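# Coordinate analysis (summary)
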Amino acid sequence: MTDLAPIALFCYNRDDHLHRVLEALATNAEFRKTRLYIFSDGPKDEKDQAKVKAVRQTLTSRKWTSRQHLYLRNKNLGLARSVIQGVSNVLNKHKTVIVLEDDLVVSANFLAYANESLRLYKKEEKVISVMGYSYPVSDSLPETYFLKGAACWGWATWRHKWRLFEPDGAKLLTRLHQRNSTHSFNLDGACDYVRMLEDQVAGRNDSWGVRWYASAFLADMLSLYPGLSHVRNIGMDGSGVHCGTTTDFDVALQNGKTKVRKTFPEECTASRQAVVRFLKAIEN
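Before going into details, it helps to say that this report is about the structure given with it. (Residues numbered from 1 in each chain as written. Predicted model: local features only at pLDDT ≥ 70, side-chain atom pairs only at ≥ 80, totals over all residues. Heavy atoms only, no water.)

## A few points about a positive patch on the surface
There is a patch of like positive charges on the surface, built from Arg32, Lys33, Lys63 and Arg67. The topology assignment puts Lys63 in the loop between helix H2 (49-60) and strand S3 (67-72). (Patch = residues over 30% accessible without salt bridge, like charges linked within 9 Å, V, L, I, M, F, W, Y side chains within 5 Å. Areas by Shrake-Rupley, 256 points an atom, 1.4 Å probe, with all protein chains shown as cover. Salt bridge = Lys/Arg side-chain N within 4 Å of Asp/Glu carboxyl O. Lys, Arg positive; Asp, Glu negative; His and termini not counted. Charge placed at Lys NZ, Arg CZ, Asp CG, Glu CD. Helix = DSSP H or I, 4+ residues; strand = E, 2+ residues; numbered from the N terminus.)

## Structural notes on the environment of Glu166
Summarising the element assignment, Glu166 is placed in the loop between helix H5 (159-162) and helix H6 (169-178). What makes Glu166 partly exposed here is its relative accessible area of 21%. Expressed as a C-alpha distance, the spacing of Glu166 and Tyr213, which sit 47 residues apart in the sequence, is 9.9 Å. The residues contacting Glu166, other than those within four sequence positions of it, are Lys171, Leu172, Arg211 and Ser215. A polar side-chain atom of Glu166 sits 2.8 Å from the main-chain amide nitrogen of Asp168. (Buried < 20%, exposed > 50% of the residue type's maximum accessible area, 1.4 Å probe, protein only. Contact = heavy atoms within 4.5 Å. Polar contact = N/O pair within 3.5 Å; in protein donor to acceptor, adjacent residues only side chain to side chain.)

## Digging into the sheet that holds strand S1 (residues 7-11)
Read from one edge to the other, the open sheet built from 8 strands follows the order S3-S2-S1-S4-S8-S6-S9-S7, with strand pairing classed as mixed. Only two strands of the sheet have a single neighbouring strand rather than two, namely S3 and strand S7 (144-148). For this sheet, the mean angle separating the axes of adjacent strands, direction not counted, is 25°. Where H2 meets the sheet, its contacts fall on S1, strand S2 (35-40) and S3, and the angle it forms with S3 comes to roughly 165°. (Pairing = 2+ DSSP bridges. Axes fitted to C-alpha atoms, helices over the stretch in contact; angles between N-to-C directions.)

## Observations regarding the nonpolar core
In this structure, Ile7, Leu9, Val87, Ile98, Tyr135 and Phe185 are the most contacted members of the largest nonpolar core, which totals 90 residues. Looking at this core, the element that brings in the most residues is helix H9 (residues 209-218), giving 7 residues. (Core = buried A, V, L, I, M, F, W, Y, C linked by side-chain atoms within 4.5 Å.)

## Structural notes on the pairing of strand S6 (residues 127-131)
Looking along a regular strand, one sees side chains alternate from face to face of the sheet. Among the 5 residues that make up S6, 5 are buried, leaving the element largely enclosed by the rest of the structure. Bridge count between S6 and strand S9 (residues 222-226): 3 bridges; the pairing is parallel. Residue Ser129 lies in a different strand from S9, and its bridge partner there is Ser223. Bridge analysis of S6 against strand S8 (residues 155-158) gives 2 bridges, and the strand direction is antiparallel. Considered in S8, the bridge of Val130 is made with Ala156.

## A look at the state of the cysteines
Applying the stated criterion across every chain yields a total of 0 disulfides. You can see Cys268 has no disulfide; the closest cysteine sulfur is in Cys191, sitting 19 Å from it. (Disulfide = S-S within 2.5 Å.)

## With respect to the packing of aromatic side chains
Throughout the structure, instances matching the rule amount to 22 aromatic pairs. A centroid spacing of 5.6 Å and a plane angle of 80° characterise the contact between Tyr133 and Tyr135, whose relative ring orientation is edge-to-face. The lysine or arginine in question, Lys148, covers the ring of Phe217, its NZ or CZ lying 4.2 Å from the ring centre. Just above the ring of Trp158 sits the side chain of Lys161; from NZ or CZ to the centre is 4.9 Å. (Phe/Tyr/Trp six-rings, centres within 6.5 Å; stacked < 30°, edge-to-face > 60°. Lys NZ or Arg CZ within 6 Å of the ring centre and 35° of its normal.)

## Focus on unusual backbone geometry
Unusually for a residue other than glycine, Asn180 sits at a positive phi of about 55°. With respect to the secondary-structure elements, Asn180 resides in the loop between H6 and helix H7 (182-185). Residue class for Asn180 comes out exposed when judged on its relative accessible area of 70%. The backbone of Asp188 shows a phi angle near 55°, a positive value even though the residue is not glycine. Within the secondary structure layout, Asp188 lies in the loop between H7 and helix H8 (193-202).

## Focus on the pattern of salt bridges
Scanning the entire structure with this criterion turns up 13 salt bridges. Linking Arg119 and Glu116 is a salt bridge whose minimum nitrogen-to-oxygen distance equals 2.6 Å. Of this pair, Arg119 and Glu116 both sit in helix H4 (residues 110-120), 3 residues apart, which is roughly one turn of the helix. Here Glu116 falls in the partly exposed class, since its relative accessible area comes to 27%. Here Glu198 ties to Arg195 by a salt bridge, and the two come within 3.6 Å at their closest N and O atoms. Here the residue Glu198 and the residue Arg195 both occupy positions in helix H8, the gap between them amounting to 3 residues, near one helical turn. Given the relative accessible area of 47%, Arg195 is considered partly exposed. One salt-bridge network, in which partners are shared between bridges, spans Arg14, Asp102 and Asp103.

Here's what the structure looks like:
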């Protein structure tokens, strides 16, 4: 417990969701000894003030961990700036970080899995992050597996790997085209991440996640995934700013522990194909 990665938790105006996230974290044996940084974004307008106030009442209602740090923003930064600044802030102080948002409920063994994976792969140059979420594909997946790039539903990384993050979406888009990598970046047409990045560049969205994915993809980096998900997104209920309403990505949380054994870092072709089939089926 002496080398536990700190958690950076980002929240805005969803008090009920946030409470469920914190209660789920509290089921992890490591949580009480984990340093917790909570970044509460400020209201966009007057109608959000009451919701943000309710969130902050939940945050201060009890001491969730023995080492808790609250950052209560006076102004609204928006999710992208909040996450980028917050993750950078934590990694200026620590060598690792576990990143969650206020709609990501975790299993009782999520922190054990994340911390063990961070420990095992900290010196592995090809591994950029550890993921907690795994798609609900119909195929049987390995206990753990690698996919190229990085995602953003419950993840962890190291200070030196976060330095690879490129915030300039236009630069990332140019490099993808120069390398003729757009089809692979789009998971063989299963998901239009290029359009998402184009929209970010044009100001039609403010996604930090697609820039993190592109940064990792262009650096030929891999992320470790669990065969059974340790994270469930409860924000696909129409309550979020950036998400619609769907149950397509819902998962049953892993009940037991994931046995994390260090393996050679290479993309798992079978797992990638399973994800591609899953995403294409949703589109159809």
